[in-house]
Amino acid sequence: MEQAFWVQRPGEGALRPVTLPDPGPDDVLVRTLCSGVSRGTETLVFTGRVPASQYGVMRAPFQEGEFPGPVKYGYLNVGVVEQGPAALLGRTVFCLYPHQTAYVVPASAVTPVPDGVPPGRAILAGTVETAVNAVWDARPRLGDRIAVIGAGMVGCSVAKLLRGFPATRVQLIDVDPAKAETAEALGVEFSAPENALGDCDLVVHASASEAGLARALELLAPEGEVVELSWYGDRKVSVPLGENFHSRRLAIRGSQVGTVARPDRTYAQRLGVALDLLADPAFETLVSGECTFEDLPSVLPRLAGNELSALCLRVMYQPQ
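The rules behind the values
Residues numbered from 1 in each chain as written. Predicted model: local features only at pLDDT ≥ 70, side-chain atom pairs only at ≥ 80, totals over all residues. Heavy atoms only, no water. Helix = DSSP H or I, 4+ residues; strand = E, 2+ residues; numbered from the N terminus. Core = buried A, V, L, I, M, F, W, Y, C linked by side-chain atoms within 4.5 Å. Buried < 20%, exposed > 50% of the residue type's maximum accessible area, 1.4 Å probe, protein only. Contact = heavy atoms within 4.5 Å. Pairing = 2+ DSSP bridges. Axes fitted to C-alpha atoms, helices over the stretch in contact; angles between N-to-C directions. Arc of directions from axis to C-beta. Phe/Tyr/Trp six-rings, centres within 6.5 Å; stacked < 30°, edge-to-face > 60°. Salt bridge = Lys/Arg side-chain N within 4 Å of Asp/Glu carboxyl O.

Draft legend 1. Structural view of unusual backbone geometry. Residue P68 is reached from F67 by a cis peptide bond, and omega for that bond is 0°. Looking at where P68 falls in the secondary structure, it is placed in the loop between β4 (64-65) and β5 (71-72). Residue P70 is reached from G69 by a cis peptide bond, and omega for that bond is 0°. Within the fold, P70 resides in the loop between β4 and β5. If you check the backbone angles, D199 has positive phi at about 55° while not being a glycine.

Draft legend 2. Layout of the nonpolar core. Ranked by size, the top nonpolar core spans 68 residues in total, and within it Y73, L124, V158, L162, L172, V204 and L278 carry the most contacts. With eight residues, the single largest contributor to this core is helix α4 (residues 125-138). In this structure, L278 is in contact with V117, R121, A122, L124, A125, V128 and F283, ignoring residues within four places of it in sequence.

Draft legend 3. Layout of the environment of G242. Turning to its location among the elements, G242 is positioned in the loop between β14 (220-228) and β15 (251-254). Under the relative-accessibility criterion, G242 is labelled partly exposed at 42%. Expressed as a C-alpha distance, the spacing of G242 and Q318, which sit 76 residues apart in the sequence, is 55 Å.

Draft legend 4. View of the sheet that holds strand β13 (residues 200-205). Taken together, the six strands give an open sheet; going across it, the order is β12-β11-β10-β13-β14-β15, and neighbouring strands pair in parallel fashion. Bordering the open sheet on either side are β12 (189-191) and β15, each of which pairs with just one other strand. Shown here is a sheet whose adjacent strand axes are inclined to one another by a mean of 25°, direction ignored. Pairing analysis gives three bridges linking strand β11 (residues 169-173) to β12, with the strands arranged parallel. Residue pairing for β12: Q171 is matched across the bridge by E189.

Draft legend 5. Region of interest: the side chain of T127. Within the element layout of this structure, T127 appears in helix α4. Accessibility expressed as a relative area gives 4% for T127, which makes it buried. Those residues in contact with T127 that lie beyond four places of it in its chain are L76, M153, V154 and S157.

Draft legend 6. Representation of the environment of E243. Within the secondary structure, E243 is located in the loop between β14 and β15. Its relative accessible area of 76% is what places E243 among the exposed residues. Separated by 25 residues in the primary sequence, E243 and E218 place their C-alpha atoms 9.7 Å from one another.

Draft legend 7. Spotlight on helix α7 (residues 210-218). Taken as a whole, α7 has its buried residues at G212, L213, A216 and L217. End-on, the buried residues of α7 take up no more than an arc of 140°, which puts them together on one face. If you follow the buried residues of α7, they end up packed against β10 (145-149), β13, β14 and β15.

Draft legend 8. Up close: the packing of aromatic side chains. Under the counting rule described, the total for this entry stands at six aromatic pairs. For the ring pair Y55 and F67, a centre distance of 5.5 Å and an interplane angle of 50° mean the geometry is tilted. In this pair, Y55 sits in helix α2 (residues 55-58) while F67 sits in the loop between β4 and β5, placing the two residues twelve residues apart along the sequence. The class of Y55 is partly exposed, set by a relative accessible area of 28%. Here Y97 and Y103 contribute two aromatic rings whose centre-to-centre distance is 4.1 Å and whose plane-to-plane angle is 10°, an arrangement assigned as stacked. Side by side, Y97 and Y103 carry an identical accessibility label, which is buried.

Draft legend 9. Geometry of the pattern of salt bridges. A complete count under the given rule lists 17 salt bridges for this structure. Among the ionic pairs, R9 bridges to E12, the shortest N-O distance being 2.7 Å. Among the residues examined, R9 registers a relative accessible area of 45% and is labelled partly exposed. For the salt bridge of D201 with R145, the shortest nitrogen-to-oxygen distance reads 3.0 Å. You can see D201 sitting in strand β13 and its partner R145 sitting in strand β10, a full 56 residues away along the chain. What makes R145 partly exposed here is its relative accessible area of 31%. Each of R121, E284, E290 and R314 takes part in a single network of salt bridges with overlapping partners.

Here it is, written out as structure tokens:
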């Protein structure tokens, strides 16, 4: 009997038995190797802080149940195809599937993991895909002065990608000085908010805090733009649109992974780019915690309560 992790009610999770359907001719049966907990989004789901108005937007591709619970939620899953088309049989694949020991999905829902990407790093594909979309939205230019505020999974990934643009100045900014070590591993300059360099052409905000958004606007040069990546859940946020916002002609642009930011690319192509990027071992620093699948119900409350500081929590599954 297979098992899946469910949020029973806000703040409480449990493992439930699952009976898998027989795979059809166009399906695959995947045995999970590892999955990832996307701390920002999944702790909002776990604590019941998804606003009712956003239930549809927040719905994961293979979610079961409804917010605030019981709900089976998650979207960072890597496993091995045990049954399916010959081209996929035995392949390691990524799927936007919740935390479950095995599952059956259409073959079109899985993406083969490149040979140079370890399964334990491939769980970051969904996060790096969000970062790819944000960079497409941001449209950085040669020589831009850039800040990324918020050194969580997404912010770190965005900073890593932006660092690769020629002649750009990129700073990763966070209130936690311990994040300097993560920034160093990614090859990105780090700064506390009060010491950050100003006159930025572009600021990507991913701290999900009111103070972070205010600082993002302060750091902009005239005609500069903030790309807002934060998800605030049910919190109301004040935006300082007085002072120099109008006179300096500043802009705030939303970015969200639900829509591909380039009309000439598909969802599959965007995910393929993300998986290719994960060949870089520097991304391994974003996986800063690990637990077994059996321990997930007891570990997730600690993650949501900030007792654990993992950027991405990797969940390991027992081989069958």
